[in-house]
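An overview of the molecular structure
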Amino acid sequence: METESEPYVRLTTLRQLHQVMADMNTARSLADTLQTVADGVVNGLGYELACVNLVRPDGDLVVAALSGNSAAEALITGRVGSRASWDRRLNMGEAWGDLRFIPHTEGWVLDEDDVPQWYTDGPAPRFEDEWHPSDRLFAPMYTPGAGGASCGELLGVISVDRPRNGRRPGAWGREALQMYAFQAAIAISNARLRANMQRALVRLEREQQALRASEESFRQAFEYAPSGMAIAEMGGDQHGRILRTNDALCRLLGRPASAMRRYAFSDLVHPEDIGTLLRTSAEGGRAELRLGRRDGTYVWVSLRNSVVADAADGPRFLLTHVEDIEERKRRELQLAHRASHDALTGLPNSAELRSRLSARICQRPQALPAGAAADSMDATFGENFGDGLTDGFGQYGDFGIAQHPSAQHPAVPPPHPSFDAYEAGGNGAHAFDFHAATGPYDAFDHHVHTVAPESERDDGTKGLAVLFCDLDGFKSINDRFGHNAGDAVLIEVARRLSRGVRDGDTVARLGGDEFVVLADGLGRADAQDLAVRLRNEIIQPIRVDGRAMRVGASFGIGWARCGMTADEVLKSADERMYVEKRSRPKQHRRAG
């Protein structure tokens, strides 16, 4: 993971990261595991120096392993830093998720405390996101908590220094280091567990009778538990295969125990939930997904995992608790639907319409003209921007990361805006976009902007058309025949509008007798044709309680484009609708 451009990461990098994580769990002793953790940071995460500081029983942290510099290893391995000094570090600087970054402008106050440090002189950075010799980056390791979250007690701290690309880690680098620290905590916990289990072998030999009694208690608790439980294999060719199920799980899925042994959970899960299952941690993992019943239907369940470990060979069996949450999920879906859809017509409501529209447009106009991007970069970094990319030989920090006390600490300009994921349309695809804040990087925009036809004639431009529909003559129906008849008319109009658009288009009820259609990929002529077709559908007689009623419809066509808000887009379409309504004689409006 040397110089990849985030968020595009080479597959070889992911394989390398996966390999170093796997190596952590193959070490046979705690000492080997600690050294493997430090080596993995250097070999797999792209840092030149890494140190593992382990919490001792008295609370202080000892330098347990170091990788990347033999001189630093000989000097500070085994040295101890007080817990108070470490707590001070972990509450300073900037929080990058679970990581803690202390820039050189703040970290100089730590140069003289009792945490072991390694000093190496190096040049000051030449651009704002270059790694400074006195920058400090810590990855705390916590014992795994409920749901696989790292929220337990502090197990240790991984200190890293000098990224090989010379820059402060971006979003991918931070995520990788945080994930690595979480996996390292599990590996260290497992190594300690294995060591404790090995020391307990002699005692276990003397306690076979108590163990058999415990197994019998577990068997009864397993078999007669009111909720579903299953034991599955871990590792090998049969990984995930169900070995044993209790009666509650068999009843829930409508399958006999003999048939359940032919499956793995991946065979039973709904195809859309496979990703959720694969992301669920084996140790303490939780997930909500759908499992298939024998009759072909699916039931929502909550899975909670735990591992039955073997002292010599590591984890072997997965114990999964399965709870039926079908009724709760049904209520949640009903509530979510009610919050986003109109109760009368079943169409998306005003809030849902604005949400869908806002998802398609960003708050900035289209990208800068060609050449502006390069000018912005030059203005930010100066003429010698390319020279600033060279990797200066900085100094090590907290194991160390701190610069020598005599070094200067120049101020670093504020960082450029970070990347944000931006949902690009109803197809679920995602692009990356900067924050709306202005700055030299605004020219480099990976978001595909929503555009609109510029002229009144059809120039071939395809955009997101917003058709604002207001019913003509609807008030008279309410006044003459009552609100029940008016509701029936609204329901039929909603049905006709929905029938007249394509799959993927949105028909929403804005309120009263106003409807809005969002149709993507249309030119001006296409949008006008669609408005005519929908008006012709609406003006057909509607039969309510044996009476034939007719309403007309006025359409205004607006166009969504980046730089506008959802309210501005709707207002534009609304104004065009009133222009169109006033352009027709009043006596012809109800007939369309």
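One structure accompanies this document, and this report is about it.

What counts, and where the lines are drawn
- Residues numbered from 1 in each chain as written.
- Predicted model: local features only at pLDDT ≥ 70, side-chain atom pairs only at ≥ 80, totals over all residues.
- Heavy atoms only, no water.
- Phe/Tyr/Trp six-rings, centres within 6.5 Å; stacked < 30°, edge-to-face > 60°.
- Helix = DSSP H or I, 4+ residues; strand = E, 2+ residues; numbered from the N terminus.
- Buried < 20%, exposed > 50% of the residue type's maximum accessible area, 1.4 Å probe, protein only.
- Lys NZ or Arg CZ within 6 Å of the ring centre and 35° of its normal.
- Axes fitted to C-alpha atoms, helices over the stretch in contact; angles between N-to-C directions.
- Left-handed = near helix turned anticlockwise from the far one by under 90°.
- Contact = heavy atoms within 4.5 Å.
- Pairing = 2+ DSSP bridges.
- 1 Å grid on protein atoms, 1.4 Å probe; cavity = no way out; pocket = protein on both sides within 12 Å on 5 of 7 lines; lining within 4 Å.
- Points joined across faces, edges and corners; volume = space filled by probe spheres on them.

**Details of the packing of aromatic side chains**
Under the defined criterion, the tally for this structure stands at 3 aromatic pairs. For the pair Trp86 and Phe138, a centre-to-centre distance of 5.4 Å together with 75° between the ring planes defines the contact as edge-to-face. Here Phe138 lies in strand β6 (residues 136–142) and Trp86 lies in helix α4 (residues 83–89), a separation of 52 residues in the sequence. An identical accessibility class is assigned to Trp86 and Phe138; each is buried. Judged by centre distance (4.5 Å) and plane angle (10°), the ring pair of Trp96 and Phe101 falls under stacked. On the basis of relative accessible area, Phe101 is assigned to the buried category, the value being 0%. The rings of Trp96, Phe101 and Trp131 are connected pair by pair, giving a single aromatic cluster. Its end group placed over the ring of Trp86, Arg89 keeps NZ or CZ at 5.8 Å from the ring centre.

**Things to note about the packing of helix α17 (residues 483–499) against helix α18 (residues 524–538)**
Contact pair α17 / α18: the axes reach a minimum separation of 9 Å and the direction vectors enclose 145°. Remark: the crossing between α17 and α18 carries right-handed chirality. From α17, Val493, Arg496, Leu497 and Arg499 reach across to α18, where they touch Leu534, Glu537 and Ile538.

**Thoughts on the pairing of strand β17 (residues 514–522)**
Here β17 lies mainly inside the structure; 7 of its 9 residues are buried. Where strand β15 (residues 463–472) lies against β17, 7 bridges are found, and the strand directions are antiparallel. Bridging across to β17, Ala465 finds its partner in Ala519. Relative to β17, strand β16 (residues 506–511) runs antiparallel, the two being bridged by 5 bridges.

**Looking at empty space enclosed by the protein**
Scanning the model with the defined rule gives 2 cavities of 30 Å³ or more in all. In this structure, the second largest cavity spans a volume of roughly 60 Å³. Lining the second largest cavity are 10 residues, and of these Asp98, Pro140, Gln178, Ala181 and Phe182 lie nearest its centre. Elements with a contribution of two residues or more to the lining of the second largest cavity: β6 and α6 (171–199).

**Considering the pairing of β6**
With 6 of 7 residues buried, β6 lies mostly within the body of the structure. Where strand β5 (residues 99–102) lies against β6, 3 bridges are found, and the strand directions are antiparallel. Bridge pairing links Arg100 to Phe138 in β6. Alignment of β6 against strand β7 (residues 154–163), held across 6 bridges, turns out to be antiparallel. Bridging across to β7, Met141 finds its partner in Gly156.

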